[in-house]
Amino acid sequence: MSLGIFAFGQNDQEFRKDYEIPSEAFNDIRKISVYLPSDYYNYPDQQYTLTFVLDGQSDLFMDLLVKTIDYNVHMYNFTPTIVIGIHAKERGWEFSAPLEGEDESDYKGGRANELQQHFRNEVFPFIDSAFDRILDFKSLIGHSSGGHFVLYTLFGENSDLFDAYIGISPALRPGENEILKIAEKSLKNKASLAKFLYCSTGTIGEREELFAGAMDQLDSLLLSHPNHGILWNRQTFRDLDHFTCVGPSVNDAMMKLTRAFRADEKQILEMALEGGSLKKQLNDFYNNKEKNYGFSEIPVAGYIHYCALELMRKGKMESALELYEWGIEKHPSNYTLRKSKGKLYVKMEDDKEALSSFMEALEVLKKIKENVPKDWYEQQFEYINQKIKSLKE
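Cut-offs used in this document
- Residues numbered from 1 in each chain as written.
- Predicted model: local features only at pLDDT ≥ 70, side-chain atom pairs only at ≥ 80, totals over all residues.
- Heavy atoms only, no water.
- Buried < 20%, exposed > 50% of the residue type's maximum accessible area, 1.4 Å probe, protein only.
- Helix = DSSP H or I, 4+ residues; strand = E, 2+ residues; numbered from the N terminus.
- Right-handed = clockwise from strand over helix to strand, strands pointing away.
- 1 Å grid on protein atoms, 1.4 Å probe; cavity = no way out; pocket = protein on both sides within 12 Å on 5 of 7 lines; lining within 4 Å.
- Points joined across faces, edges and corners; volume = space filled by probe spheres on them.
- Nonpolar A, V, L, I, M, F, W, Y, C, P; charged D, E, K, R; others polar.
- Core = buried A, V, L, I, M, F, W, Y, C linked by side-chain atoms within 4.5 Å.
- Contact = heavy atoms within 4.5 Å.
- Expected span 1.5 Å × (residues − 1).
- pLDDT = per-residue confidence, 0-100.

Asks: Can you break down the pairing of strand S8 (residues 196-202) residue by residue, with the values?
Replies: Two faces make up the sheet, and in a regular strand the side chains alternate between them. Counting buried positions over the seven residues of S8 gives seven, a clear majority of the element. The alternating pattern of S8 places Phe196, Tyr198, Ser200 and Gly202 and Leu197, Cys199 and Thr201 on opposite faces, both of which are buried. Since S8 and strand S9 (residues 231-237) lie parallel, the crossover through helix H6 (residues 206-224) that links them has a hand, and here it is right-handed.

Asks: Give me the lowdown on empty space enclosed by the protein, citing residues and values where you can.
Replies: For the coordinates displayed, the defined rule picks out one cavity of 30 Å³ or more. In this structure, the largest cavity occupies an estimated 90 Å³ of space. Looking at the lining of the largest cavity, the elements with two or more residues in it are strand S4 (48-54), strand S6 (134-143) and helix H7 (246-261). Of the residues assigned to the lining of the largest cavity, the class counts are five nonpolar, six polar and no charged.

Asks: An account of the nonpolar core is requested, with residue identities and associated values reported.
Replies: Core analysis: the largest hydrophobic core is formed by 50 residues, its most contacted members being Ile32, Phe52, Phe119, Ile127 and Phe155. In terms of residue count, helix H3 (residues 112-130) provides more of this core than any other element does, seven residues in total. Contact partners of Ile32, with chain neighbours within four places excluded, come to Lys17, Asp18, Tyr19, Ile21, Ile84, Gly85, Ile86, His87, Val123, Phe126 and Ile127. One finds Ala263, Leu278, Leu311 and Ala361 within the second-largest nonpolar core, a separate group that totals 38 residues.

Asks: Talk me through helix H11 (residues 317-330); I want residue IDs and the actual numbers.
Replies: For H11, spanning 14 residues, the distance from its first C-alpha to its last is 20 Å, which sits close to the expected 20 Å at 1.5 Å a residue. Listed as buried for H11 are Ser319, Ala320, Leu321, Glu322, Leu323, Tyr324, Trp326, Gly327 and Ile328. For H11, the elements touching its buried residues are helix H8 (265-274), helix H9 (278-293), helix H10 (301-313) and helix H12 (335-347).

Asks: Give a detailed account of the confidence of the model for the protein chain, specifying residues and quantitative values.
Replies: Per-chain confidence: the protein chain averages 92 in pLDDT, with 93% of residues scoring 70 or above. Predicted confidence for residues 1-11 stays below pLDDT 50, and this span has 29 contacts to residues more than four positions away or in other chains.

Here you go:
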């Protein structure tokens, strides 16, 4: 299908880009808003997952969500992602699952299937053509009726659309919807869904009580089918209602999604405290994610260094050393990790290994000379040579 895409009010350095897409699925013009991370233009080699958010027409909702994500991506708490707001014209209908026997000619409702077609045939191809630093990992976030669509898509025939599904206070009422029946059928018939699923509810108000009851049923369904392959996360926010739970849910869901595929500080510290080989535990973690879910995120070198410093602060010198070694395997051209490994060996009073590490760091430094500021290079070159000289004496 040929898409006539209209962009308006844009320049190369804007962080929100609005587009209009002719939609065959809805037989009208549809709008999406693309939110780039605030440091998008500073790191031309960075790649990003995609996070699709229903109710993109609500600026207040999108501002809360985008700023929460952007701040934590900047602080390296969340996986780097581009957020795409999907604008709805009649959200109640567009997020609703079609009812059996529905006649499209005279019933205006249950258009979730059309929205799924819109994603697959129109939104995804456009994003793929417009942005070239994209990782093959897509998440979907929906609140209330949007959460209904999230679960309908996960447990329906189009579960391949997304890799991660996040439902915030999803509008499910026990006995009043078909979603749980669809979920039960899916869990019985599919060997493994291999998806991430997060659902949250509050505790204040009739809606949250009803939705929490539906989550109880979904929880029981998942427990009764232990081989579902879903990375299931459920969260209850005490003393929050249908709307006040949105902010905490976004933060919690994205943190848990990141931890599902990236070994972060918390997990690395836990691995170190368990004992045994930290490198083996890290490799097992990443091999499992790649094998079962086809995705994982290796921390950047600076974050690995930060975690190693935390291990040292807790007296876990051997674990810190293993983490540096693992980090060097993942980032073989990184100078800082090799230099820091040498400094750790000095602390451990192993001059032979310290000298070897500093020699390796010097070779890497020479290779990156043309890609770093001259003053920084000269400062580091002098520092490493002094370390090497003192260890040789």
